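Letter by letter, the chains look like this.
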Amino acid sequence: MNSNQHRIIGIMGAMPEEVEEIIPMIQNLQKFEIGNRIFYSGTINHISVVVAFAKWGKVAASITASVMILHFKVNEIIFTGVAGGIADHLNIGDIVIGKNIYQHDMDARPLLQQFEIPLTGKLFFECDAEKINLYHNFISNSIINKISFDKEIIDYLESIKQPYPKLYIGDIASGDQFIHDYSVKKTLKEKIPTLLCVEMEGAAVAQVCHEYKIPFSLIRIISDNANNDSIIDFQKFVENIASKYSCMLIQALFL
Ligand code: ADE
């Protein structure tokens, strides 16, 4: 983005519940339907934003990101949503800011290395380093340190015997697969030892942002442990607190 360009941030959410909670925070709200998706534009604290439910999976999220860039001219994208924890030290409720983002189901072997994205020479896409630091500071200052977590979030996490949430920066992998099997999790862990969590969209949006040369940030909240309990844990998390988390994150980043 050059200095004359007006900053417009695209905010994408992985669940409709998460996006609905952000809409009331937008001033000068306008609603558009393009490509079977709803986009909300306006400002949050005088910053221009376009907000949309990404839809699930890599292709769906890429379409949403492309419309944001080509139609709405966003020059930065932030993706927020839930993820399945892979690293042993992660607990439900922890927040992960993405660093290197893999497509764990990309496999053009023997032509290319496993995970290599064709025609890019890349094994993963990097999130914008400056934004990682900036958003890490915003989130740790306002959520982890100063303002205590939304009480309903803490009560819920206590009820499922999870500790007070922590904030991490690390690697995330995306694939068109809901991981809910310990053996699949174990294989992923062995293949990408730095992996913190998995989800289904981030790396696709990272690729779109890479092609259009705009900064991308990925912020995920652990809803389940990508194991045999995942289906129940994920559904309970989405029903109870996912939307509260997204609201809290947007407040931390913009207000
Ligand atoms: N998003 C949240 N939990 C997930 C999981 N276990 N697998 C893939 N995407 C997820």
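Anything mentioned here points back to the structure above.
Keep in mind that what you see is a predicted model, and the values were worked out from it rather than measured. (Residues numbered from 1 in each chain as written. Predicted model: local features only at pLDDT ≥ 70, side-chain atom pairs only at ≥ 80, totals over all residues. Heavy atoms only, no water.)

This next bit is on the overall build of the protein chain. Looking only at helices and strands, the protein chain features 8 helices and 10 strands. In summary, the protein chain has a C-alpha radius of gyration of 17 Å against a globular reference of 18 Å for 255 residues, a match within 12%. Burial statistics for the protein chain: of 255 residues in total, 55% are counted as buried. Long-range pairs, those at least 24 residues apart, make up 75% of the contacts in the protein chain with a sequence separation of at least 6. For the protein chain, the accessible area works out to roughly 11,700 Å², and carbon and sulfur atoms hold 53% of it. Considering the protein chain, the positive charge centre built from 22 side chains and the negative charge centre built from 29 side chains are found 3 Å apart. (Helix = DSSP H or I, 4+ residues; strand = E, 2+ residues; numbered from the N terminus. Rg over C-alpha atoms; globule rule 2.2 N^0.38 Å. Buried < 20%, exposed > 50% of the residue type's maximum accessible area, 1.4 Å probe, protein only. Contact = heavy atoms within 4.5 Å. Areas by Shrake-Rupley, 256 points an atom, 1.4 Å probe, with all protein chains shown as cover. Lys, Arg positive; Asp, Glu negative; His and termini not counted. Charge placed at Lys NZ, Arg CZ, Asp CG, Glu CD.)

Further remarks concern the state of the cysteines. Note on terminology: disulfide describes a covalent bond linking the sulfur atoms of two cysteines. Scanning all chains against the criterion turns up 0 disulfides. Cys 127 provides the cysteine sulfur closest to Cys 209, a residue in no disulfide bond, and the two sulfurs are 9.0 Å apart. Judged by its relative accessible area of 0%, Cys 209 is buried. (Disulfide = S-S within 2.5 Å.)

A separate point is the packing of aromatic side chains. Counting across every chain of the model gives 7 aromatic pairs. Ring geometry for Phe 178 against Phe 234: centres 5.1 Å apart, planes inclined by 65°, an arrangement best described as edge-to-face. You can see Phe 178 sitting in the loop between strand 8 (167-174) and helix 5 (182-191) and its partner Phe 234 sitting in helix 7 (residues 230-240), a full 56 residues away along the chain. Linked through ring pairs, Phe 32, Phe 39 and Phe 72 together constitute an aromatic cluster. (Phe/Tyr/Trp six-rings, centres within 6.5 Å; stacked < 30°, edge-to-face > 60°.)

Among the 13 residues in the neighbourhood of the ligand, the closest are listed as Gly 84, Phe 178, Ile 179, Glu 199 and Asp 224. Note that a nitrogen atom of the ligand is positioned 2.8 Å from one of the backbone N or O atoms of Ile 179. Within the side chain of Asp 224, a nitrogen or oxygen atom sits 2.6 Å from a nitrogen atom of the ligand. Computed on the free molecule, the ligand has an accessible area of 260 Å², of which 97% lies beneath the protein chains in the complex. According to the grid-proximity analysis, the pocket containing the ligand is the largest pocket. (Near = heavy atom within 4 Å. Polar contact = N/O pair within 3.5 Å; in protein donor to acceptor, adjacent residues only side chain to side chain. 1 Å grid on protein atoms, 1.4 Å probe; cavity = no way out; pocket = protein on both sides within 12 Å on 5 of 7 lines; lining within 4 Å. Sits in = over half its atoms within 2 Å of the grid points.)

Over the atoms, a rolled probe matching the size of one water molecule traces out where space is still vacant. Counted as a void, the largest pocket has a volume near 260 Å³. Residue lining of the largest pocket: 19 residues in total, with Val 82, Phe 178, Glu 199, Met 200 and Phe 234 positioned closest to the centre. Those elements that place two or more of their residues in the lining of the largest pocket are strand 5 (76-85), strand 9 (195-199) and strand 10 (216-224). Its residues assigned to classes, the lining of the largest pocket comprises 11 nonpolar, 4 polar and 4 charged. (Points joined across faces, edges and corners; volume = space filled by probe spheres on them. Nonpolar A, V, L, I, M, F, W, Y, C, P; charged D, E, K, R; others polar.)

What follows deals with the nonpolar core. Ranked by internal contacts, the top residues of the largest apolar core, which has 79 residues, are Ile 77, Ile 139 and Tyr 245. Looking at this core, the element that brings in the most residues is helix 8 (residues 242-254), giving 9 residues. With residues up to four places along the chain from it excluded, the contact list for Ile 77 reads Gly 10, Met 12, Ala 65, Ile 69, Val 205, Cys 209, Ile 214, Pro 215, Phe 216 and Ser 217. Among the nonpolar cores identified, the runner-up in size contains 10 residues, and Tyr 102, Leu 188, Ile 192 and Val 198 belong to it. (Core = buried A, V, L, I, M, F, W, Y, C linked by side-chain atoms within 4.5 Å.)

In total, this model carries 12 salt bridges according to the counting rule given. Between Arg 7 and Glu 76 there is a salt bridge, with its nearest N and O atoms 3.2 Å apart. Taken as a pair, Arg 7 in the segment before strand 1 (8-13) and Glu 76 in strand 5 lie far apart in primary sequence, 69 residues in all. Given the relative accessible area of 31%, Arg 7 is considered partly exposed. With a relative accessible area of 2%, Glu 76 lands in the buried category. With a shortest N-O distance of 3.1 Å, Asp 176 and Lys 58 are connected by a salt bridge. Taken as a pair, Asp 176 in the loop between strand 8 and helix 5 and Lys 58 in helix 2 (residues 58-70) lie far apart in primary sequence, 118 residues in all. With relative accessibility at 13%, the residue Lys 58 sits in the buried group. (Salt bridge = Lys/Arg side-chain N within 4 Å of Asp/Glu carboxyl O.)

Burial analysis of strand 6 (residues 95-103) places 8 of its 9 residues in the buried class, the great majority of the element. Sheet topology note: the strand 6/strand 8 ladder contains 7 bridges and is parallel. Paired with Ile 101 across the strands is Ile 172, a residue of strand 8. As paired strands, strand 6 and strand 10 are joined by 3 bridges and run antiparallel to one another. In the sheet register, Val 96 faces strand 10, and the bridge partner there is Arg 220. Pairing of strand 6 with strand 7 (residues 125-126), which is carried by 2 bridges, proceeds in the antiparallel orientation. Each bridged residue has a counterpart across the sheet, and for Ile 101 the counterpart in strand 7 is Phe 125. (Pairing = 2+ DSSP bridges.)

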